[in-house]
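# Coordinates in review
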Amino acid sequence: MLSTYLSPAGRMSPSDFKKSALILIVVGVLFSIPELLGIKSNSVLASIVSFALYYSWIVIWIKRYHDGGKSGWMCFLPIVVYLMATIILAMTMFGDEIIVLFEALSTGASQADTEKMAEEMVAGKEMMGLLANTALSAVVALGFNQYLISNDDHENQYGPVA
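All figures in this text were calculated on a predicted structure; none of them were measured in a lab. (Residues numbered from 1 in each chain as written. Predicted model: local features only at pLDDT ≥ 70, side-chain atom pairs only at ≥ 80, totals over all residues. Heavy atoms only, no water.)

### Things to note about the overall build of the protein chain
Check the secondary structure of the protein chain and you find 7 helices and 0 strands. Moving toward the C terminus, one meets the helices and strands of the protein chain in the order α-α-α-α-α-α-α. For the protein chain, the spread of C-alpha atoms along the principal axes amounts to about 55 × 30 × 25 Å. Put simply, of all contacts in the protein chain between residues at least 6 apart along the chain, 77% involve residues at least 24 apart. In the protein chain, 9 side chains carry a positive charge and 14 a negative one; their mean positions are 10 Å apart. (Helix = DSSP H or I, 4+ residues; strand = E, 2+ residues; numbered from the N terminus. Contact = heavy atoms within 4.5 Å. Lys, Arg positive; Asp, Glu negative; His and termini not counted. Charge placed at Lys NZ, Arg CZ, Asp CG, Glu CD.)

### Looking at the side chain of serine 56
Structurally, the position occupied by serine 56 is in helix H3 (residues 43-67). From its side chain, serine 56 meets the backbone oxygen of alanine 52 in a polar contact 2.8 Å long. Residues in contact with serine 56, not counting those within four places in the same chain, are Tyr5 and Leu24. (Polar contact = N/O pair within 3.5 Å; in protein donor to acceptor, adjacent residues only side chain to side chain.)

### Digging into the packing of helix H4 (residues 76-94) against helix H7 (residues 126-148)
Running from N to C, H4 and H7 point in directions that differ by 150°, and their axes come no closer than 10 Å. Taken together, H4 and H7 sit at an angle that is classed as roughly antiparallel. Note on packing geometry: the crossing formed by H4 with H7 is right-handed. Packed against H4, whose contacting residues are Leu77, Pro78, Val81, Tyr82, Ala85, Thr86, Leu89 and Met93, the element H7 presents Met128, Gly129, Ala132, Asn133, Leu136, Ser137, Val140 and Phe144 at the interface. Considered class by class, the residues forming the contact of H4 with H7 number 12 nonpolar, 4 polar and no charged. (Axes fitted to C-alpha atoms, helices over the stretch in contact; angles between N-to-C directions. Parallel < 35°, antiparallel > 145°, perpendicular 65-115°, else oblique. Left-handed = near helix turned anticlockwise from the far one by under 90°. Nonpolar A, V, L, I, M, F, W, Y, C, P; charged D, E, K, R; others polar.)

### Observations regarding H3
Look at H3: 36 Å from first C-alpha to last across 25 residues, which is about the 36 Å you get at 1.5 Å a residue. Following H3 by one or two positions, glycine 69 has its phi on the positive side, about 80°. (Expected span 1.5 Å × (residues − 1).)

### Digging into the packing of helix H5 (residues 96-106) against helix H6 (residues 111-122)
Relative to each other, H5 and H6 sit at 175°, their axes nearing to 10 Å. The angle between the axes of H5 and H6 places the two elements in the roughly antiparallel class. On the side of H5, the interface is formed by Glu97, Ile98, Val100, Leu101, Ala104 and Leu105, while H6 contributes Thr114, Met117, Ala118 and Met121. Looking at the contact of H5 with H6, its residues break down into 8 nonpolar, 1 polar and 1 charged.

This is how it looks when you write it as structure tokens:
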């Protein structure tokens, strides 16, 4: 099971991709809950978990593209789409507040001031942000999987049928 998330070699069927993507989404949500409850997390542990989740997403995307007979480098296409959609979502949720924060950062405001501005901007919107980000992850993952990546029913250069 761990090879599903750790090794980019091989292929992954659409149904296995859906299961793996949903598991990664649930794990991401579970690791977000303490912060929603106001519990400060260990930044080293949070960094390790974030890296593991990012790496696992890349691995399952590579395997899914391999199943369609495409290069694993194509995995960056849904990731870029997700990042762009996240930026649009943040701009929609926070509007002018995020622009003011970026201006403060670019003019050399102190870290304490920008952190305070960021906390005020996000206050009360954490749950909405988590739900929106979770929905966005599901839409990108399942949408690309269903509509944009074909399924190769024969053995290809990436291995036998998954």
